Amino acid sequence: KQKLFSMKKIQFSALLLITTLVLSSCWRIDNDPDTDTSERASTAEAVFDDLESLTEDASKENATQAQMKIIYGDSVQFTVEPAWPDMTFPKTITIVFGDGVIGLDGKTRSGVITVVATGPYAEAGSTFTTTLDGYHVDDYHVQGTKIVTNNGHNDSGNLNYDIVVTDGSITNSDGYTTTWISERNRE
């Protein structure tokens, strides 16, 4: 009986030790800002995808101040130099959100986005280099350079784009920064 009691005591002690280690590890993980890496990566990807959509909207030949105000908020300032319908390139497209503008999507944007376009968005070989100055989306400070290159039509007959983000970072309101560097191809 005493041997059986000692064996159960050892098993209970081992189980208690393992449970303590597991619980203390979970506690450390839950309080470690790096544990939500997939969530932060998802946020970074969404923010830079949103930036790409905004760039695409602004780069279209028929984009106007009125259209940009409808989509991105009444206070947004949008300029294209040389102005449309002039088809001279490169063009510098500037979108100024100021201290904060709420768009149709409910997002609050502030700061300045500058896009230099070497040709029309749908023209093979055109590149669109986007830089940011004090740009924020909701509670995120976004930095970096995004370059979209039109590769023309692929073998399936669809337009194909290379999308590269360099020196990308997103800092949330708690001060945590996610570095974002990306190379993708979009059809």
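Our structure is the block above this text.
Report on the accompanying structure. (Residues numbered from 1 in each chain as written. Predicted model: local features only at pLDDT ≥ 70, side-chain atom pairs only at ≥ 80, totals over all residues. Heavy atoms only, no water.)

### Let's talk about the overall build of the protein
As a reminder, the rule being used: We count a stretch as a helix when DSSP gives it H or I for four or more residues in a row; a strand needs E for two or more, and each element gets its number in order from the N terminus. Relative accessible area decides the class of each residue, using a 1.4 Å probe on protein chains only: under 20% of the type maximum gives buried, over 50% gives exposed, and in between gives partly exposed. Contacts are assigned to residue pairs that have any heavy atoms within 4.5 Å of one another. Computed with a 1.4 Å probe, the accessible areas rest on the Shrake-Rupley method; for each residue, only the protein chains presented here act as cover.
The secondary structure content of the protein amounts to three helices and seven strands. The N-to-C order of helical and strand elements in the protein reads α-α-α-β-β-β-β-β-β-β. Per-residue burial over the protein gives 31% buried out of 187 residues. Considering only intrachain contacts with a sequence separation of at least 6, the fraction spanning at least 24 residues in the protein is 44%. Accessible surface, the protein as shown: approximately 11200 Å² in total, 55% of it carbon and sulfur.

### Focus on the side chain of Ser 59
Stated precisely, the cut-off is as follows: Pairing of N or O atoms within 3.5 Å defines a polar contact, subject to two protein rules: one partner must be a possible hydrogen donor and the other a possible acceptor, and residues neighboring in sequence count only if both atoms are side-chain atoms.
Within the secondary structure, Ser 59 is located in helix H2 (residues 37–59). In this structure the side chain of Ser 59 is engaged in a polar contact, spanning 2.7 Å, whose partner is the backbone oxygen of Thr 55. The residues touching Ser 59, leaving out its near neighbours within four places in the chain, are Trp 84, Ile 93, Val 115, Tyr 121 and Phe 128.

### Some words on the sheet that holds strand S2 (residues 91–102)
Rule in force here: Pairing between strands is defined by DSSP: at least two bridges between the two strands are required. Helix axes are fitted to C-alpha atoms over the stretch in contact, other axes to C-alpha atoms as well, and angles between N-to-C directions run from 0 to 180 degrees.
Sheet architecture is open: seven strands sit in the order S1-S2-S3-S4-S5-S6-S7, paired in antiparallel fashion. Each end of this open sheet is capped by a strand with a single partner; those strands are strand S1 (77–81) and strand S7 (177–186). Strand-to-strand twist across the sheet, computed as the mean angle between neighbouring axes with direction ignored, equals 10°. One ladder, built from nine bridges, connects S2 with strand S3 (residues 108–117); its direction is antiparallel.

### With respect to the pairing of strand S6 (residues 159–171)
Of the pairings in the sheet, the one linking strand S5 (residues 140–153) to S6 comprises 10 bridges and is antiparallel in character. Note that in S6 the partner of Val 148 across the bridge is Ile 163. Pairing analysis gives nine bridges linking S6 to S7, with the strands arranged antiparallel. Directly across from Thr 171, in S7, lies its bridge partner Thr 177. Between the antiparallel neighbours S6 and S7 lie five residues, among them Gly 175 with a positive phi of about 90°.

### Regarding the packing of H2 against helix H3 (residues 65–72)
Cut-off, in case you're wondering: Angle categories: roughly parallel below 35 degrees, roughly antiparallel above 145, roughly perpendicular from 65 to 115, and oblique for all the rest. By the definition used in this description, the sense in which the near helix is turned from the far one sets the handedness, with an anticlockwise turn below a right angle giving left-handed and a clockwise turn giving right-handed. Residues were grouped as follows: Ala, Val, Leu, Ile, Met, Phe, Trp, Tyr, Cys and Pro as nonpolar; Asp, Glu, Lys and Arg as charged; and all remaining residues, including Gly, as polar.
In contact at an axis separation of 10 Å, H2 and H3 are set at 155° when each is read in the N-to-C sense. The orientation of H2 with respect to H3, classified from their angle, is roughly antiparallel. Crossing hand, H2 versus H3: right-handed. Facing Ser 53, Leu 54, Asp 57 and Ala 58 of H2, the residues of H3 in contact are Met 68, Ile 71 and Tyr 72. Here the residues of the contact of H2 with H3 are counted per class, giving five nonpolar, one polar and one charged.

### Looking at the environment of Thr 64
Secondary-structure assignment places Thr 64 in the loop between H2 and H3. On the basis of relative accessibility, which here comes to 33%, the residue Thr 64 falls in the partly exposed class. For Thr 64 and Ala 83, which are 19 residues apart along the polypeptide, the C-alpha to C-alpha distance reads 9.8 Å.

### A closer look at the pattern of salt bridges
Note the cut-off: Counted as salt bridges are all cases of a side-chain nitrogen of Lys or Arg within 4 Å of a carboxyl oxygen of Asp or Glu.
Applying the stated criterion across every chain, the model contains nine salt bridges. Between Arg 184 and Asp 49 there is a salt bridge; the shortest N-O distance is 2.7 Å. Pair noted here: Arg 184 is in strand S7 and Asp 49 is in helix H2, with a separation of 135 residues, a long-range link. Classification of Asp 49 by relative accessible area gives partly exposed; the value is 28%. Ionic pairing is found between Lys 146 and Glu 52, a salt bridge with its closest N-O pair at 3.4 Å. Pair noted here: Lys 146 is in strand S5 and Glu 52 is in helix H2, with a separation of 94 residues, a long-range link.

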